[in-house]
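Breakdown of the fold
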Amino acid sequence: MSESTPPLQPVLAPSQVELGLDTFGDVTVDTSGAPRTQAQVLREVVEQGVLADEVGVGAIGLGEHHRDDFAISAPEIVLGAIASRTEQILLGTAVTVLSSDDPVRVYEKMATLDGISSGRAEVTLGRGSFTESFPLFGLDLTDYEKLFSEKLDLFADLRSEGPVSWEGTVRGPLQGAQVYPKTEAGTLRTWIGVGGSPESVLRAARYNIPMMLAIIGGDPARFAPFADLYRRALGEFGLQELPVGVHAPGFVAATDDEARELMFPHFKANRDRIGGERGWPPTTRSDFEAEVASGAVFAGSPETVAAKIARTVRQLGLSRFDLKYSNGPMPHVHTMEAIRLYGTEVIPRVRELLAGGAD
């Protein structure tokens, strides 16, 4: 493990928080309810990334999945397409399932993306909350924890971009290996995705990598102890403070009522499909309304969403907030409008609220 790799992500004051968007490339329907193909969805994700850049969104993250309700299994390729048509937006994964990939290959692909985008690539590493990739790539789920732990250990060494010597049990050893291409900055912007266990928080701190909290249920303020634990652990490891980010679902429309009415049926379809696989009860309208009012769903008018983001940034001391803007089968036209409102109205209002000290 390398502890000397210089971090590219500075800890930011609240008023300077980076504001981004995430999507898993959810397979959608058109406005008549007809299903879109996965190929159509991929092309639409590229259009969404282009619009996000045009309206001033700071980052876009694409999640990796290997199932029929999400179209993105190779986020680096889709990000490359977005890179060719954008100028400023950071291009990241949300997340890369490191456990079922090879760390060397992940670094090579993301360093390549970083080169063609003039330094705009970033990777978020995670174990993945879905397990389809493990049997698909011939991996044993009984090795779930070991795969992530060892591969993260190797990836942390690769971030130094010098000769790497490493040995473990999940892949062959390396002895003085060089990985190419090198990034112009000397390392790759990297986050570790954390679902909220103390063990995962401590792991992110131990590897000297910024932490991205995935908040998908409950009051975001309840994650403040995890942010505090991360910062304390960095200090105890003798490391400098690093950024903390949050990824959470939401949707923006002209009014609160419109946002809730448009989002709920698609949010429910997505949650109920996943919940059916995991033994969760069906999502009710009251469940949804509670999450919007005081939980993890950032849905509403630009003013409502901005106020909730600003409050969360202050409560957790965030340097980054990413809105997971795709919501199950919601039509592309509504998603595009949400992106437009997020860039042109939500982001400026968040900055005003944080600069003024208001929630």
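Our structure's up above, just so we're on the same page.
Residues numbered from 1 in each chain as written. Predicted model: local features only at pLDDT ≥ 70, side-chain atom pairs only at ≥ 80, totals over all residues. Heavy atoms only, no water.

**Some points on the side chain of His332**
Short version of the rule: A run of DSSP states H or I qualifies as a helix once it reaches four residues; a run of E qualifies as a strand once it reaches two. Both are numbered from the N-terminal end. Note on definitions: a residue-residue contact is assigned when non-hydrogen atoms from the two residues lie within 4.5 Å.
Looking at where His332 falls in the secondary structure, it is placed in helix H11 (residues 332–356). In this view, His332 contacts Val29, Glu44, Glu47 and Gln48; residues no more than four positions away in its chain are not counted.

**Concerning the environment of Arg127**
Using the following cut-off: Accessible area is worked out with a 1.4 Å probe on protein chains only. A residue is then buried under 20% of its type maximum, exposed over 50%, and partly exposed in between. We define a polar contact as two N or O atoms separated by no more than 3.5 Å, with the added condition that, inside protein, one atom must be a possible hydrogen donor and the other a possible acceptor, whereas residues neighbouring each other in sequence contribute only through side-chain atom pairs.
Counting through the fold element by element, Arg127 comes out in the loop between strand E5 (121–126) and helix H4 (133–136). For Arg127, a relative accessible area of 23% puts it in the partly exposed group. Sequence separation between Arg127 and Gly195 is 68 residues, and the spatial gap between their C-alpha atoms is 9.8 Å. Beyond its immediate chain neighbours, meaning those up to four positions away, Arg127 contacts Val97, Ser99, Phe134, Tyr144, Glu145, Phe148, Ser200 and Arg203. A distance of 2.6 Å separates the side chain of Arg127 from the side chain of Glu145, its partner in a polar contact. At a separation of 3.3 Å, a polar atom in the side chain of Arg127 contacts the side chain of Ser200.

**Quick word on the packing of helix H1 (residues 38–54) against helix H2 (residues 75–83)**
For clarity, the threshold we go by: To obtain each axis, a line is fitted to C-alpha atoms, and for helices this fit is confined to the stretch in contact; angles are then taken between N-to-C directions over 0 to 180 degrees. To sort the angles, those under 35 degrees are grouped as roughly parallel, those over 145 as roughly antiparallel, those from 65 to 115 as roughly perpendicular, and the leftovers as oblique. Should the near helix be turned anticlockwise from the far one by less than a right angle, the crossing is left-handed, and should it be turned clockwise, the crossing is right-handed. Each residue is assigned to one class: nonpolar for Ala, Val, Leu, Ile, Met, Phe, Trp, Tyr, Cys and Pro, charged for Asp, Glu, Lys and Arg, and polar for all the others, Gly among them.
Look at H1 against H2: their axes get within 9 Å of each other, and the N-to-C directions meet at 45 degrees. Between H1 and H2, the angle falls in the class oblique. Read as a crossing pair, H1 and H2 show a hand that is right-handed. Packed against H1, whose contacting residues are Leu42, Val45, Val46 and Gly49, the element H2 presents Val78, Ala81 and Ile82 at the interface. When its residues are assigned to classes, the contact of H1 with H2 shows 6 nonpolar, 1 polar and no charged.

**Re the nonpolar core**
Inclusion rule: Grouping buried Ala, Val, Leu, Ile, Met, Phe, Trp, Tyr and Cys residues that are joined through side-chain atoms within 4.5 Å yields what is termed a nonpolar core.
Ranked by size, the top nonpolar core spans 100 residues in total, and within it Leu213, Tyr230, Ile309, Phe321 and Tyr342 carry the most contacts. With 9 residues, H11 is the single largest residue contributor to this core. With sequence-adjacent residues up to four places away left out, Leu213 is seen in contact with Val194, Phe223, Phe226, Val244, Gly245, Val246, His247 and Leu316.

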